Each structure stands twice: as structure tokens, then as C-alpha cells.
Amino acid sequence: MKKILSLSLLLLLSAASFAQPETKNPEGLKVGDKAPAINGIDQNGNKISLKTILKKGEAVIMFYRGQWCPYCNKQLSHLNDSLSFIVDKGATIITITPETAENVKKTVEKTKASFSIVTDKGMEIMKSYKVNFAVDEITITKYKKYGIDFEKANGENAANLPVPATYIVGKNGKIKYVFFNPDYSKRASVKDIISNL
């Protein structure tokens, strides 16, 4: 039954619109850019610092929209299933979301994610990585018909989302791989991530 509901939601969201609103035009960061600082608390209460992580190895930074998004859940599930391959390369995964800590718990339940998920309060991280955009009123209304209320999902971050981008940051603090596509149905594959570590 859950699979049928997930498939139905996926089809509804697909029909709604594949692309992020064109008016906001987030541009993302580029290969060679210095990665902005990331400091936050993950779902387990651990302090997450990109600077500290890079002392041990590379970092895979992934932005996702929320537990209500079937594309995000699928990607995070695949990532968790292949986590050992990423860890074996000496890398650490950090995922960033605008959703509330309460909804992060739902994401963990749905995806079994065992890597760090950081709620980006005030969208500081999303802004520094140039992935954030404000959802337009037409999309807000459309998604409410599917039972998705961005203000409830994101709390103080309200109707703001990230392009679901993926960055790999080298130990030197520079971005060495970027996947950035405004079409939220397109995601970095685990294979691509591993091959770029």
C-alpha cells in the first residue's frame, strides 16, 4: 500500500512540474570554487563541521528538499545502500535540508539514512552554496492540493527549497565535482559520486 501511495505521489508531482521556478535562477557553485563553511547539528545531535571533516578526507555534500519528496527519498536510500563504498574511499556524507528536525526524523524512517542530515536553519548553508530559491505561489497552491505544505514542512524556512545539488569537496577545501540541475527529478548517481572521489 505504501508503495502504491509513493508511486501515486511521484506521478502527481511529476505531472505538476519537473523544473524549479525559472524566475529565481539559483546558479550553484562551480568546480574549483572554495567550499563555504558548513557548521550545524545533525539528526543525532552531533556537531557537523566541514572544516573538521576535511581533515580526515573528502566530503560529499548533498542538498535535498524534504521527506515529502519521493525523488529525494529514493536518492537518499540509494546513497545509504552504497554508503560503505563511499566511506571506503575516505569520504564523509553531509546532507542539507530546509525541513524541520521533526521532518528529518521522517526522512530517516523512510530512507534508513545513517549519514548526517543537517537542518539548515535560516537557509545559511543553502544560500552560501547558491542552491536556494523561493517557491512561487502557483507551485505552493498546487502542492497544497497534494497535501504538501512547505511552511509546515520547513518551519521558519517557509516556502524555500534547494535545487537538489551534490558537491564533492576535496581535502584542500575546493569543490572537485558538481551535479546541479534545476530539474528536481535529475540527481547525481551513486556511481558518479564514487567515481569522482
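Note that the structure is predicted; figures quoted are calculated from it, not measured.

Visitor: Outline unusual backbone geometry, listing residues and values.
Guide: Phi is positive for K112, which is not a glycine, with a value near 65 degrees. Position of K112 among the secondary structure elements: in the loop between helix 5 (101-111) and strand 5 (116-119). Residue classification places K112 among the exposed positions, given a relative accessible area of 59%. Phi at M123 takes a positive value of approximately 60 degrees, unusual for a residue other than glycine. Mapped onto the elements, M123 comes out in the loop between strand 5 and helix 6 (124-128). Given the relative accessible area of 10%, M123 is considered buried.

Visitor: I'd love a proper account of the nonpolar core, names of residues and values included.
Guide: One finds I61, F63 and Y129 to be the most contacted residues of the largest nonpolar core, which totals 57 residues. Looking at this core element by element, the count peaks at five residues for strand 3 (residues 59-63). Ignoring anything within four residues of it in the chain, the contact list for F63 reads I96, I125, M126, Y129, V131, P162, V163, P164, A165 and Y167.

Visitor: Go over the pattern of salt bridges, please, and point to the residues and values.
Guide: This structure, assessed with the given rule, holds two salt bridges. Here K130 makes a salt bridge to E27, at a shortest N to O gap of 3.8 Å. Taken together, the residues K130 in the loop between helix 6 and strand 6 (132-134) and E27 in the loop between helix 1 (2-16) and strand 1 (39-41) connect sequence positions 103 residues apart. A salt bridge links E58 to K176; the shortest N-O distance between them is 2.8 Å. Within this pair, whereas E58 is found in the loop between helix 2 (50-56) and strand 3, its partner K176 is found in strand 9 (residues 175-179), the two being separated by 118 residues in sequence.

Visitor: Residues and numbers for the packing of helix 3 (residues 70-81) against helix 5, please.
Guide: As a packed pair, helix 3 and helix 5 sit with axes 9 Å apart at the nearest point and diverge in direction by 60 degrees. The angle between helix 3 and helix 5 places the two elements in the oblique class. The hand of the helix 3/helix 5 crossing is right-handed. Contact with helix 3, carried on its side by N73, L76, S77 and N80, involves T107, K110 and T111 of helix 5 and no other residues of that element. Counted by class, the contact of helix 3 with helix 5 contains one nonpolar, five polar and one charged residues.

What counts, and at which threshold
- Residues numbered from 1 in each chain as written.
- Predicted model: local features only at pLDDT ≥ 70, side-chain atom pairs only at ≥ 80, totals over all residues.
- Heavy atoms only, no water.
- Helix = DSSP H or I, 4+ residues; strand = E, 2+ residues; numbered from the N terminus.
- Buried < 20%, exposed > 50% of the residue type's maximum accessible area, 1.4 Å probe, protein only.
- Core = buried A, V, L, I, M, F, W, Y, C linked by side-chain atoms within 4.5 Å.
- Contact = heavy atoms within 4.5 Å.
- Salt bridge = Lys/Arg side-chain N within 4 Å of Asp/Glu carboxyl O.
- Axes fitted to C-alpha atoms, helices over the stretch in contact; angles between N-to-C directions.
- Parallel < 35°, antiparallel > 145°, perpendicular 65-115°, else oblique.
- Left-handed = near helix turned anticlockwise from the far one by under 90°.
- Nonpolar A, V, L, I, M, F, W, Y, C, P; charged D, E, K, R; others polar.

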